[in-house]
Amino acid sequence: MDKIKISKKPKTSSQNMLKNMNKLRIKKGAKVKKFDPDKYLSADFIGAAIMECLLNNDPEGIVELLKIYLEEHNTVELLKEAHVPRSTAYQAFRHKNPTIRTLAKIVSTAAAH
């Protein structure tokens, strides 16, 4: 019986992109500003965007907004303050079906920051 050869998994384009990100060079004298997510992801903006998602019957949009917000802030610290276990948040975002109670805890804690 012949052995079956299994080829190595090829790298995805995102893996290649992350690998090449360290090679980014900026010209001397270039005017570069540091990005401040709090400027664009304010509580008012998040609230308006969530309301728009609700009006458009887009629950996935709400989950995406919260994921973006949590990625830009200290996720673990925010979840601790909201008294939401990491496993609950992981399951909510993975299956894109969080409960209203979980959403309310995360949003109210985020608004306090």
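Described below are features of the structure shown in this document.

Calculation rules
- Residues numbered from 1 in each chain as written.
- Predicted model: local features only at pLDDT ≥ 70, side-chain atom pairs only at ≥ 80, totals over all residues.
- Heavy atoms only, no water.
- Helix = DSSP H or I, 4+ residues; strand = E, 2+ residues; numbered from the N terminus.
- Buried < 20%, exposed > 50% of the residue type's maximum accessible area, 1.4 Å probe, protein only.
- Contact = heavy atoms within 4.5 Å.
- Areas by Shrake-Rupley, 256 points an atom, 1.4 Å probe, with all protein chains shown as cover.
- Core = buried A, V, L, I, M, F, W, Y, C linked by side-chain atoms within 4.5 Å.
- Expected span 1.5 Å × (residues − 1).
- Axes fitted to C-alpha atoms, helices over the stretch in contact; angles between N-to-C directions.
- Parallel < 35°, antiparallel > 145°, perpendicular 65-115°, else oblique.
- Nonpolar A, V, L, I, M, F, W, Y, C, P; charged D, E, K, R; others polar.
- Arc of directions from axis to C-beta.

### Structural notes on the overall build of the protein chain
Here is step 1 of the chain: Across its full length, the protein chain holds seven helices and zero strands.
Here is step 2 of the chain: A buried classification covers 24% of the 113 residues belonging to the protein chain.
Here is step 3 of the chain: Across the protein chain, the fraction of contacts at a sequence separation of at least 24, relative to all contacts at a separation of at least 6, is 55%.
Here is step 4 of the chain: Carbon and sulfur atoms form 56% of the exposed surface of the protein chain, whose accessible area is close to 10,000 Å².

### A closer look at the nonpolar core
Here is step 1 of the chain: Counting residues in hydrophobic clusters, the biggest one holds 20 residues, and the most contacted among them are Ile62, Leu66, Tyr69, Val84, Phe93 and Ile106.
Here is step 2 of the chain: Broken down by secondary-structure element, the contributors of at least two residues to this core are helix H3 (43-55), helix H4 (59-72), helix H5 (75-81), helix H6 (86-95) and helix H7 (100-112).
Here is step 3 of the chain: Tallying contributions element by element places H4 first for this core, with six residues.
Here is step 4 of the chain: Contact partners of Ile106, with chain neighbours within four places excluded, come to Leu66, Leu70, Leu79, Ala82, Val84 and Phe93.

### Concerning H4
Here is step 1 of the chain: Under the 1.5 Å per step criterion, the end-to-end length of H4 is 21 Å for 14 residues, consistent within 8% with the ideal 20 Å.
Here is step 2 of the chain: Within H4, burial applies to Gly61, Ile62, Val63, Leu65, Leu66, Tyr69 and Leu70.

### Some words on the side chain of Thr102
Here is step 1 of the chain: The topology assignment puts Thr102 in helix H7.
Here is step 2 of the chain: Accessibility expressed as a relative area gives 11% for Thr102, which makes it buried.

### Description of the packing of H3 against H4
For any two helices packed against each other, the geometry comes down to the angle between their axes and how far apart the axes lie.
Here is step 1 of the chain: At a closest axis distance of 9 Å, the pairing of H3 and H4 adopts a crossing angle of 160°. If you check the angle between H3 and H4, you find them roughly antiparallel. Judged by residue contacts, Ile46, Ala49, Ile50, Cys53 and Leu54 of H3 engage Gly61, Ile62, Leu65 and Tyr69 from H4.
Here is step 2 of the chain: Considering only residue class, the contact of H3 with H4 consists of eight nonpolar, one polar and no charged.

### Description of H3
Here is step 1 of the chain: For H3, built from 13 residues, the straight-helix expectation of 18 Å at 1.5 Å per residue is met to within 8% by its first-to-last C-alpha distance of 18 Å.
Here is step 2 of the chain: For H3, the complete set of buried residues consists of Ile46, Ala49, Ile50 and Cys53. Taken around the axis of H3, the buried residues stretch over an arc of 100°, which confines them to a single face. Exposed residues on H3 whose side chains face more than 90 degrees from its buried face are Asp44, Glu52 and Leu55.

### Observations concerning unusual backbone geometry
Here is step 1 of the chain: Unlike most non-glycine residues, Asn57 shows phi in positive territory, near 55°.
Here is step 2 of the chain: Secondary-structure assignment places Asn57 in the loop between H3 and H4.
Here is step 3 of the chain: Unlike most non-glycine residues, His83 shows phi in positive territory, near 60°.
Here is step 4 of the chain: Mapped onto the fold, His83 is located in the loop between H5 and H6.
Here is step 5 of the chain: Since its relative accessible area comes to 65%, His83 is described here as exposed.

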